[in-house]
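Next come the chains, spelled out residue by residue.
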Amino acid sequence: MEHSQRIINTIAFVQSTLKNAEGGHDWFHIERVYKNALKIAQGEQVNTAVVELGALLHDIADSKFHNGDETAGPRVATEFLLSQNTDSAVIEHVVQIIKNISFKGGNKAQEFTSPELDVVQDADRLDALGAIGIARTFNYGGYKNRKLYDPSISPKLDMTVAEYKKSDAPTINHFYEKLLLLKDRMNTQTGRKMAERRHQYMEDFLTEFYSEWEGEK
């Protein structure tokens, strides 16, 4: 099967699989990450096929929506890619991207590295920053029925992986526990440059948020 046809089939598969997904992890999230990945990949020496498939399938079965099952994404992706007669080395690489792409808190060390993972991870992290990142964060907080903000609950920066997964802290805390940390964790030059502007937008938003919260404006 030609790569272009495999990508067309993958897009159709992801759109169908995620048609009822939470708004921050739906097809449009995947599409944005895919576009970001293609842009970042232009400045990197990577296997474009792995980058494209990794970006399209990175959230095909996010553990957050599958009772914490970390094996769901790799399993669904593997089954689909096998159905597309994909080379076994490509499948394994895509699976490693899915397993290692997420920010898990707890300062957990990444178990796999590759230039392709660097690109897809940056593309995914960019979608957690800026205006889109703010929108996604509050959308997910609403989905989980979390408070917007509670001044009595401070962000916790030393959570274990298990604590991070189970956290039900107010949405504003998530900025400090994850989002504002991402700029300095970007892997590529293009990713870092794109992250700087989005990071500053979030800083400005928080300044405005606190000002309004206190009735200063």
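Residues numbered from 1 in each chain as written. Predicted model: local features only at pLDDT ≥ 70, side-chain atom pairs only at ≥ 80, totals over all residues. Heavy atoms only, no water.

(A) Main features of the overall build of the protein. Secondary structure summary: the protein contains ten helices and zero strands in total. Going from the N terminus to the C terminus, the protein shows its helices and strands as α-α-α-α-α-α-α-α-α-α. Taken over C-alpha atoms, the radius of gyration comes to 18 Å for the protein, in line with the 17 Å a tight globule of 217 residues would show. Residues classed as buried in the protein amount to 47% of the 217 residues present. For the protein, the exposed surface amounts to about 11,400 Å²; the carbon and sulfur share of it is 48%. (Helix = DSSP H or I, 4+ residues; strand = E, 2+ residues; numbered from the N terminus. Rg over C-alpha atoms; globule rule 2.2 N^0.38 Å. Buried < 20%, exposed > 50% of the residue type's maximum accessible area, 1.4 Å probe, protein only. Areas by Shrake-Rupley, 256 points an atom, 1.4 Å probe, with all protein chains shown as cover.)

(B) Spatial organisation of the side chain of His93. Turning to its location among the elements, His93 is positioned in helix 5 (residues 88-100). The contacts of His93, once residues within four sequence positions are left out, are Val50, Phe112, Ser114 and Glu116. (Contact = heavy atoms within 4.5 Å.)

(C) A look at unusual backbone geometry. Unlike most non-glycine residues, Asn85 shows phi in positive territory, near 55°. With respect to the secondary-structure elements, Asn85 resides in the loop between helix 4 (72-83) and helix 5. Although it is not a glycine, Asn145 sits at a positive phi angle of roughly 55°. Structurally, the position occupied by Asn145 is in the loop between helix 7 (130-143) and helix 8 (161-166). Judged by relative accessible area, Asn145 falls into the exposed class, the value being 71%.

(D) Spatial organisation of the environment of Ser102. Of note, Ser102 is situated in the loop between helix 5 and helix 6 (115-126). You can call Ser102 partly exposed: its relative accessible area is 36%. Along the sequence, Ser102 and Tyr201 sit 99 residues apart, while their C-alpha atoms lie 22 Å from each other.

(E) Looking closely at the environment of Phe205. Here Phe205 shows up in helix 10 (residues 189-213). According to the relative accessible area criterion, Phe205 is partly exposed, its value standing at 25%. Residues Phe205 and Asn9, 196 residues apart in the sequence, show an inter-C-alpha distance of 39 Å. Aside from chain neighbours lying at most four places away, what touches Phe205 is Ile134, Phe138, Ile172 and Phe175.

(F) Broad picture of the packing of aromatic side chains. Evaluated as defined, the whole model comprises eleven aromatic pairs. Between Phe138 and Phe205 the ring centres are 6.0 Å apart and the planes differ by 70°, which places this aromatic pair in the edge-to-face class. Of this pair, Phe138 sits in helix 7 while Phe205 sits in helix 10; the two residues are 67 residues apart in sequence, bridging distant segments of the chain. Plain terms: the ring middles of Tyr140 and Tyr143 are 6.0 Å apart, the flat faces sit at 25° to each other, and that makes the pair stacked. Here Tyr140 and its partner Tyr143 are both found in helix 7, three residues apart, which amounts to about one turn of the helix. For Tyr140, a relative accessible area of 14% puts it in the buried group. Through successive ring pairs, a cluster of aromatic residues spans Phe138, Tyr149, Phe175, Phe205, Phe209, Tyr210 and Trp213. (Phe/Tyr/Trp six-rings, centres within 6.5 Å; stacked < 30°, edge-to-face > 60°.)

From the geometry alone we can't say anything about function, so treat these as descriptive.
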